Amino acid sequence: MALKKKGPPKSLAAGRPPVLHRVKSISRSATKALINKHHLLQKKKRQAIAKGDGAGEAAINVEIEALGGIEGYQEASLQGQRHDRGGDSSRVLMQWLEPCLSSQEADSGRRLRMLEVGALSTQNACSKSNHFEIERIDLNSQGEGILQQDFMERPLPKDESEQFDIISLSLVLNYVPEPQGRGEMLRRTTQFLLAPGRYIGAPQLTASFPSLFLVLPAPCVTNSRYLDEERLVAIMESLGYVKVASKTTQRLVYYLWKRGRVCKRAGGPFQKKEIRAGPTRNNFAVVLS
Ligand SMILES: C[S@@+](CC[C@H](N)C(=O)[O-])C[C@H]1O[C@@H](n2cnc3c(N)ncnc32)[C@H](O)[C@@H]1O
């Protein structure tokens with residue numbers, strides 16, 4: 001009987017059980033291209049569904065799967081959270097909130113409740129800070145501690161116990177393929193936040209809570225035909241939000257919006273209207289009817 005030919009000796013590591021899922025490294029440009037392609041396919045899929053084009057939808061699903069499906073997309077997103085690529089966006093939130101949170105805990109010991117929509121990890125800066133009791137959800141859970149749930153299908157809160165002091169919506173709004181869907185997502189956040197003005201016993205929290213942490217790729221606001229900072233502020237104000245903090249980097253825009261009372265004179269509705277022309281602009285838009 002012929003002996004089985006042995007391959008090259010394997011490293012010791014090859015024999016060890018996979019105790020840690022290590023994310024494969026992808027270049028920065030490949031990551032960006034993969035994320036953009038995924039967003040484009042999601043948009044085309046939504047259009048095919050709206051037209052009742054079953055064959056088109058199936059073909060797009062094949063393309064999405066060929067790109068690695070939602071898992072491939074999430075893996076690429078995790079690459080973007082690497083320290084050398086700008087790091088996890090919730091670090092900015094913690095820089096903004098740390099001073100008021102530290103003094104609040106010394107006073108009352110109550111941990112604030114956070115809903116993290118589109119959570120890829122349980123190890124980001126807000127999780128590690130220990131300041132929050134966090135409920136994490138994602139369309140495709142990456143594991144324990146993250147509930148698999150579509151925020152748009154999440155049952156509305158029955159009472160205060162199901163509402164939150166803060167919602168994190170980091171790089172999620174731009175995943176929604178249609179402008180109307182984005183407006184609906186923003187509107188929905190208000191229903192999950194506690195009523196404004198409830199921090200009577202902790203006045204240091206009043207300036208920042210209840211609030212929405214919103215992060216978007218910078219070009220969505222800095223280089224869109226249909227959205228700029230002024231229009232975003234107007235949209236958010238029509239929902240009762242007031243801008244408390246913001247930061248723009250080359251890659252991302254970060255905002256902290258505090259929920260206030262909806263002003264009767266607030267503008268809107270906000271249709272898809274060109275506010276800046278130019279061949280190099282993108283088409284990111286938010287529509288609120
Ligand atoms: C680009 S990742 C962002 C992850 C992380 N928040 C960050 O800032 O790096 C977007 C995540 O949002 C999730 N997502 C998109 N729409 C969602 C929805 N309607 N409900 C829950 N999760 C959603 C996607 O599944 C994906 O994991």
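Along each chain, residues carry numbers from 1 onward, in the same order as the chain's sequence is written. Since the coordinates come from a predicted model, pLDDT governs what is reported: local features require at least 70, and pairs of side-chain atoms require 80 or more to be given and counted, while whole-chain, interface and lining totals use all residues. Hydrogens and waters are ignored; side-chain quantities use all the structure's heavy atoms.

Turning next to the side chain of serine 168. In this structure, serine 168 sits in strand S4 (residues 166-170). The cut-offs for exposure are 20% and 50% of the maximum accessible area for each residue type, with area from a 1.4 Å probe on protein chains only; residues under the lower value are buried, those over the upper are exposed, and the others partly exposed. The class of serine 168 is buried, set by a relative accessible area of 5%. Here a residue-residue contact requires only that any non-hydrogen atoms of the pair lie within 4.5 Å. Leaving out residues up to four positions away in the same chain, serine 168 has contacts with Met114, Leu115, Glu116, Val117 and Phe213. Strands here mean DSSP runs of E at least two residues long; helices mean DSSP runs of H or I at least four residues long; both are numbered from the N terminus.

Once that is clear, we can look at the nonpolar core. Each nonpolar core is a collection of buried residues, namely Ala, Val, Leu, Ile, Met, Phe, Trp, Tyr and Cys, held together in the definition by side-chain atoms within 4.5 Å. Grouped together as the largest cluster of nonpolar side chains are 34 residues, with contacts concentrated most on Val117, Leu169, Leu186, Leu212 and Trp257. Contributing elements (two or more residues each) for this core: strand S1 (112-117), S4, helix H7 (179-192), strand S5 (211-217), helix H8 (219-222), helix H9 (229-238) and strand S7 (252-259). Per-element tally for this core: the top contributor is H9, with four residues. Filtering out sequence-adjacent residues up to four positions away, tryptophan 257 remains in contact with Pro210, Ser211, Leu212, Leu214, Leu232, Val233, Met236, Tyr241, Val242 and Lys243.

Moving on, we come to the sheet that holds strand S3 (residues 147-148). DSSP calls a pair of strands paired once it identifies at least 2 bridges connecting them. The strand order across the open sheet formed by seven strands is S3-S2-S1-S4-S5-S7-S6, and the pairing between neighbours is mixed. The strands lining the two open edges of the sheet, one partner per strand, are S3 and strand S6 (241-248). One ladder, built from six bridges, connects S1 with strand S2 (residues 132-138); its direction is parallel. Note on S2: the bridge partner recorded for leucine 112 is phenylalanine 132.

We now examine the pairing of S2. Among the seven residues in S2, five count as buried, and that is most of the element. The pairing of S2 with S3 spans two bridges and is parallel. Pairing of aspartate 138 across the sheet is with glutamine 148, part of S3.

This paragraph deals with the UniProt feature "binding site: S-adenosyl-L-methionine" (unreviewed entry) in the protein chain. UniProt positions are given in the numbering used here, feature names are shortened, and annotations may be inferred rather than shown by experiment. The feature "binding site: S-adenosyl-L-methionine" (unreviewed entry), as annotated in UniProt, sits at Gly118 and Asp138 in this numbering. Across 21 residues, the annotated set stays spatially compact, with a maximum C-alpha separation of 4.5 Å. Checked against the element boundaries, glycine 118 lands in the loop between S1 and helix H6 (125-129). For glycine 118, a relative accessible area of 25% translates into the label partly exposed. For aspartate 138, the location among the structural elements is in strand S2. The class of aspartate 138 is buried, set by a relative accessible area of 9%. Among residues more than four places away in sequence, those in contact with aspartate 138 are Gln74, Gly118, Ala119, Leu120, Ile146, Leu147, Gln148 and Gln149. What qualifies as a polar contact is a pair of N or O atoms within 3.5 Å, subject to a donor-acceptor requirement within protein and to the restriction that residues adjacent in sequence count only when both atoms come from side chains. A distance of 2.9 Å separates a polar side-chain atom of aspartate 138 from the backbone nitrogen of asparagine 140.

With that settled, the discussion passes to the side chain of glutamate 116. For glutamate 116, the location among the structural elements is in strand S1. Using a relative accessible area of 6% as the deciding quantity, one classes glutamate 116 as buried. Apart from the residues lying within four places of it in its own chain, the contact partners of glutamate 116 are Ser121, Asn124, Cys126, Ile134, Glu135, Arg136, Ile137 and Ser168.

What follows concerns the pairing of S6. Inspection of the sheet shows S6 paired to S7 by seven bridges, in the antiparallel sense. When the sheet's bridge partners are listed, lysine 243 is paired in S7 with tryptophan 257.

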